[in-house]
Amino acid sequence: MKDRKLLNIELGRMSADEYVHDRPESGVVLVLDNIRSAHNVGSAFRTADAFGVDKVYLGGICPVPPSPELRKVALGAEEVVPFEHVQDVVALVKKLKADGYTPVAVEQTVNSVKLDAFRRDPSARYALVFGNEVDGVQQAVVDACDFALEIPQQGTKHSLNVSVSVGVVLWGIRK
């Protein structure tokens, strides 16, 4: 059996205006903790758009739109996904917790929960914190989170690219 790729018009996607004004809240926000690469930040925006994330927080040294390098990867997602730059990620995590979010560090820790064992509470709101390409999530930020979520890995490397991790985790918690 031959299969035909769908045309973009056949995908039934929302327009940018509909996305901004009519999309239901997902209960998920992303916190990017000192991610230095505009390409990784742009990819996080594009993935946030794909999974209907409510907002992206850009912490510390993260590149901030408008940025040609970020836009090259985001393909305009930075124009529809709300974002805010904050300098102090620890303070942000504490504020999000006070606002009713469950802050979750996506990091390998002594007590981290494996993504495949995690069961999302449908009534909860989550702030998923992703860390720097070299150093990961700052320890002070991990300490401010309620728990850590870890992507199970089988290879010899100890981590995934942060933009890949965003996609894996958003896919994993979508249920």
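From a predicted model like this one, the values you see are computed outputs, not experimental measurements.

Caption draft 1: View of the packing of aromatic side chains. Per the stated rule, a full pass over the model turns up three aromatic pairs. When the ring of Phe-118 is compared with that of Tyr-126, the centres are 5.8 Å apart and the planes differ by 80°; the resulting orientation is edge-to-face. Note on accessibility: Phe-118 and Tyr-126 belong to one class, buried. Ring geometry for Phe-118 and Phe-147: centres 5.8 Å apart, planes at 35°, overall tilted. Separated by 29 residues along the polypeptide, Phe-118 in the loop between β5 (113–114) and β6 (125–131) and Phe-147 in strand β7 (residues 147–150) bring together distant segments of the chain. Owing to a relative accessible area of 11%, Phe-118 belongs among the buried residues under this scheme. One aromatic cluster is present, built from ring pairs that chain together Phe-118, Tyr-126 and Phe-147. Stacked on the ring of Tyr-101, the Lys or Arg Arg-125 has its end atom at 4.1 Å from the ring centre. If you follow Arg-174 out to its NZ or CZ, it ends over the ring of Trp-171, 3.5 Å from the centre.

Caption draft 2: Structural view of the side chain of Glu-78. As for its position among the elements, Glu-78 is in the loop between α3 (68–74) and β3 (83–86). On the basis of relative accessible area, Glu-78 is assigned to the buried category, the value being 9%. Here the side chain of Glu-78 touches Arg-71 through a polar contact of 2.8 Å, side chain to side chain. Not counting chain neighbours up to four residues away, the residues in contact with Glu-78 comprise Phe-45, Pro-65, Leu-70, Arg-71 and Phe-83.

Caption draft 3: Spotlight on the pattern of salt bridges. Inspection of every chain in the model, using the stated rule, returns eight salt bridges. The salt bridge partner of Glu-10 is Arg-4, with a shortest N-O separation of 2.9 Å. Look at Glu-10 and you get partly exposed, because its relative accessible area is 37%. Its salt-bridge partner being Asp-54, residue Arg-23 comes within 3.3 Å of it at the nearest N-O pair. Pair noted here: Arg-23 is in the loop between α1 (16–22) and β1 (28–33) and Asp-54 is in the loop between α2 (38–50) and β2 (55–59), with a separation of 31 residues, a long-range link.

Caption draft 4: Main features of the nonpolar core. Among the nonpolar cores identified, the biggest contains 34 residues, and Leu-30, Leu-32, Phe-45, Leu-128, Phe-130 and Val-169 are the most heavily contacted of them. Elements that contribute at least two residues to this core include exactly β1, α2, β2, α3, β4 (101–106), β6 and α6 (162–173). The contact partners of Phe-130, leaving out residues within four places of it in the chain, are Leu-30, Val-31, Leu-32, Asp-33, Ile-35, Val-106, Val-137, Val-162, Ser-165, Val-166 and Val-169. Formed by 19 residues, the second largest nonpolar core is a distinct cluster that contains Val-29, Val-137, Ala-144 and Ala-148.

Caption draft 5: How the structure looks around the side chain of Asp-54. Among the residues examined, Asp-54 registers a relative accessible area of 12% and is labelled buried. Within polar-contact distance, the side chain of Asp-54 engages the side chain of Arg-23 at 3.3 Å. If sequence neighbours within four positions are ignored, Asp-54 has contacts with Arg-23, Pro-24, Glu-25, Ser-26, Gly-27, Val-28, Val-29 and Pro-82.

Caption draft 6: Representation of helix α4 (residues 89–98) within the structure. If you check which residues of α4 are buried, you get Val-89, Val-90, Leu-92, Val-93 and Leu-96. Along the axis of α4, the buried residues cluster in a sector spanning 160°; they form a single face. Facing away from the buried side of α4 by more than 90 degrees, the exposed set consists of Lys-94, Lys-95 and Ala-98. Turning to α4, the residues buried within the fold contact β1, β2, β3, β4, β6 and α5 (139–144). Structurally, the start of α4 carries an N-cap: the backbone nitrogen of Val-90 is 3.1 Å from a side-chain oxygen of Asp-88.

Thresholds, definitions, all that
All chains use their own residue numbering, which begins from 1 and follows the written sequence. Two thresholds apply to this predicted model, a pLDDT of at least 70 for residue-level local features and 80 or more for giving and counting side-chain atom pairs, whereas whole-chain, interface and lining totals are computed over all residues. To get the side-chain values, all heavy atoms of the structure are used, and hydrogens and water are removed first. Put simply, two rings from Phe, Tyr or Trp (the six-membered ring, in Trp's case) pair if the centres are within 6.5 Å, and we call them stacked under 30 degrees between planes, edge-to-face over 60, tilted for the rest. Relative accessibility thresholds used throughout: buried, under 20% of the residue-type maximum; exposed, over 50%; partly exposed, between the two (1.4 Å probe, protein chains only). A run of DSSP states H or I qualifies as a helix once it reaches four residues; a run of E qualifies as a strand once it reaches two. Both are numbered from the N-terminal end. Two limits define a charge over a ring: the Lys NZ or Arg CZ must be within 6 Å of the ring centre, and within 35 degrees of the ring normal. Residues adjacent in sequence count toward polar contacts only when both atoms are side-chain atoms; beyond that, a polar contact is any pair of N or O atoms within 3.5 Å, and within protein one must be able to donate a hydrogen and the other to accept it. In this analysis, two residues are considered to be in contact whenever any of their non-hydrogen atoms come within 4.5 Å of each other. Basic side-chain nitrogens of Lys or Arg form a salt bridge, by our definition, when they fall within 4 Å of a carboxyl oxygen of Asp or Glu. By convention a nonpolar core is built from buried Ala, Val, Leu, Ile, Met, Phe, Trp, Tyr and Cys residues, the set being connected through side-chain atoms within 4.5 Å. Directions pointing from the helix axis toward each C-beta atom define the arc.

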